[in-house]
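# Overview (structure and organization)
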Amino acid sequence: MSKKHGKHLPGHSQDGSVTDGPDRHQAARARAPSTAVWAGAADAIAGTVPAALGSHRQIPILAAPGIVAVEPGTRIDLSAVDADADGGLDKLWAKDALGQERERISALQERLYAERARSLLLVFQAIDTGGKDGTIRAVLKGVNPQGCTVSSFKVPSSDELDHDFLWRYHAKTPGRGMIGVFNRSHYEDVLVVRVKGLVPDAVWQGRYRLINDFERLLTESGTVVIKFFLHISKDEQKKRLEARIADPEKHWKFDPADLVERKSWDAYQQAFSDALSQCSSPHAPWLVVPANHKWFRNYVIARTIADTLEAMDPRFPKAAKGIADLKVPD
Ligand code: AMP
Ligand code: MG
């Protein structure tokens with residue numbers, strides 16, 4: 001472990017071996033006390049965490065059948081993805097299977113938390129009424145609340161606007177052992193911001209690259225990022241808005257602004273298509289989920305999370321030597 005961190009020191013190669021002699025290394029260390037102190041601090045914690053910050057193995061994002069993963073470097077045309085698709089699954093079967101996927105997520109979350117080395121970030125984006133809240137409720141029911149944080153991003157405050165656009169999102173990314181959920185995300189800054197013309201074109205256009213760099217920083221630091229776009233049709237949005245108007249118990253969910261935003265449906269679809277095409281990277285691909293059928297959406301998302309957590313293979317930390325022989329005093 002200490003060798004691993006040695007690569008941050010001048011004079012060391014990627015694998016931790018000294019490249020230009022120990023004397024040179026000593027001299028460099030003397031000239032750069034801050035680097036040496038940082039490396040020393042990392043060494044100090046290396047014994048207590050299974051894997052400290054640094055380069056992490058890339059984890060495959062295992063999308064469930066029926067989800068359309070956007071291949072990095074290609075364009076996705078959302079109008080060509082059927083929002084009504086249900087993978088030919090039976091609704092009752094899928095509801096039962098969702099329960100099983102939730103149990104898998106819960107068991108794997110316990111390991112992730114105990115391992116305390118890596119984290120999982122789930123990003124949810126959709127048009128209004130697309131089902132972000134319902135998905136989060138249905139899929140994450142059963143996870144230990146202590147190991148999970150949900151962040152919902154609204155119109156930025158003036159303090160948030162006084163910083164770079166990623167500042168408020170970075171502050172909410174999950175720490176080691178945690179699952180973090182983004183209900184809306186840094187993508188709003190190339191979606192609503194673009195559609196409403198809140199910044200000049202050149203500004204939002206430059207953000208795709210910054211978002212890709214940000215997600216690379218996260219993944220290389222041990223955060224696995226899964227990005228779900230909940231894809232509903234325009235007809236389905238109409239039905240959902242009408243249901244919110246018709247049912248007094250759903251009035252609290254109805255936002256008259258959604259009717260105004262609906263007029264920009266095509267502009268939003270264009271903005272989503274561009275964001276998904278520009279920011280589907282090998283380290284953090286975009287997954288398009290047909291979401292007209294809530295039961296299908298919930299099942300495939302839960303399965304994707306469970307399968308990806310399984311690929312992460314979080315392990316309980318090794319117990320201290322001799323622990324099984326300890327006796328608890330009376
Ligand atoms: P809701 O999620 O329905 O409670 O609404 C939150 C509102 O905040 C939506 O209308 C979003 O478009 C808006 N919003 C979220 N992030 C941003 C952002 N970065 N800039 C402007 N508006 C945003
Ligand atoms: Mg809303």
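Residues numbered from 1 in each chain as written. Chains lettered and ligands numbered in written order. Predicted model: local features only at pLDDT ≥ 70, side-chain atom pairs only at ≥ 80, totals over all residues. Heavy atoms only, no water.

### Looking at the confidence of the model for the protein chain
- For the protein chain, mean pLDDT is 86; residues scoring 70 or higher make up 83% of the total.
- Across residues 1-53, where pLDDT falls below 50, the model places 47 contacts with residues more than four positions away in sequence or in other chains. (pLDDT = per-residue confidence, 0-100. Contact = heavy atoms within 4.5 Å.)

### Quick word on the packing of helix H4 (residues 91-115) against helix H13 (residues 294-312)
- Closest axis-to-axis distance for the H4/H13 pair is 8 Å, and the angle between their directions is 30°. Between H4 and H13, the crossing angle belongs to the class labelled roughly parallel. Helix-helix and strand crossings are classified by hand; for H4 and H13 the assignment is left-handed. Along its contact with H4, which presents Lys 91, Trp 93, Ala 94, Lys 95, Ala 97, Leu 98, Glu 101, Arg 104, Ile 105, Leu 108 and Leu 112, the element H13 presents Trp 295, Asn 298, Tyr 299, Ala 302, Arg 303, Ile 305, Ala 306, Asp 307, Leu 309, Glu 310 and Met 312. (Axes fitted to C-alpha atoms, helices over the stretch in contact; angles between N-to-C directions. Helix = DSSP H or I, 4+ residues; strand = E, 2+ residues; numbered from the N terminus. Parallel < 35°, antiparallel > 145°, perpendicular 65-115°, else oblique. Left-handed = near helix turned anticlockwise from the far one by under 90°.)

### Observations regarding the side chain of His 231
- Mapped onto the elements, His 231 comes out in strand S5 (residues 223-231).
- Classification of His 231 as buried rests on a relative accessible area of 5%.
- Excluding anything up to four places from it in sequence, His 231 contacts Leu 78, Val 81, Asp 82, Ala 83, Gln 269, Val 288, Val 289, Pro 290, Ala 291 and Asn 292. (Buried < 20%, exposed > 50% of the residue type's maximum accessible area, 1.4 Å probe, protein only.)

### What about the site of ligand 1?
- Surveying the vicinity of ligand 1 reveals the residues Phe 153, Lys 154, Val 155, Pro 156, Arg 168, Tyr 169, Arg 184, Glu 188, Asp 189, Val 192, Val 193 and Leu 198.
- Contacts to ligand 1 include Lys 154, whose side-chain N or O atom sits 2.5 Å from an oxygen atom.
- Here a nitrogen atom of ligand 1 sits 3.4 Å away from a polar atom, N or O, in the side chain of Asp 189.
- Protein contacts shield 75% of the accessible area of ligand 1, which totals 500 Å² for the unbound molecule.
- Elements that contribute at least two residues to the shell around ligand 1 include exactly helix H7 (167-170) and helix H8 (192-195).
- Of the residues contributing to the shell around ligand 1, the split by class is seven nonpolar, no polar and five charged. (Near = heavy atom within 4 Å. Polar contact = N/O pair within 3.5 Å; in protein donor to acceptor, adjacent residues only side chain to side chain. Areas by Shrake-Rupley, 256 points an atom, 1.4 Å probe, with all protein chains shown as cover. Nonpolar A, V, L, I, M, F, W, Y, C, P; charged D, E, K, R; others polar.)

### Examining a positive patch on the surface
- Judged by side-chain charge, Arg 137, Lys 141, Lys 250, Lys 253 and Lys 294 come together as a positively charged surface patch.
- You can see Lys 250 is positioned in the loop between helix H10 (234-246) and helix H11 (257-262).
- You can call Lys 250 partly exposed: its relative accessible area is 31%. (Patch = residues over 30% accessible without salt bridge, like charges linked within 9 Å, V, L, I, M, F, W, Y side chains within 5 Å. Salt bridge = Lys/Arg side-chain N within 4 Å of Asp/Glu carboxyl O. Lys, Arg positive; Asp, Glu negative; His and termini not counted. Charge placed at Lys NZ, Arg CZ, Asp CG, Glu CD.)

### What to know about unusual backbone geometry
- Located in the positive-phi region is Arg 116, a residue other than glycine, with phi close to 50°.
- Relative to the helices and strands, Arg 116 resides in the loop between H4 and strand S2 (119-126).
- If you check the backbone angles, Thr 129 has positive phi at about 70° while not being a glycine.
- Tracing the backbone shows Thr 129 in the loop between S2 and helix H5 (132-140).

### Observations concerning the packing of H5 against H13
- One way to put it is that H5 packs onto H13 with a least axis distance of 10 Å and a crossing angle of 55°. Classified by the angle between their axes, H5 and H13 sit oblique to one another. When the axes of H5 and H13 are compared, the crossing they make is right-handed. For the pair formed by H5 and H13, the contact residues are Gly 134, Thr 135, Ala 138 and Val 139 on the first element and Arg 297, Asn 298, Ile 301, Ala 302 and Ile 305 on the second.

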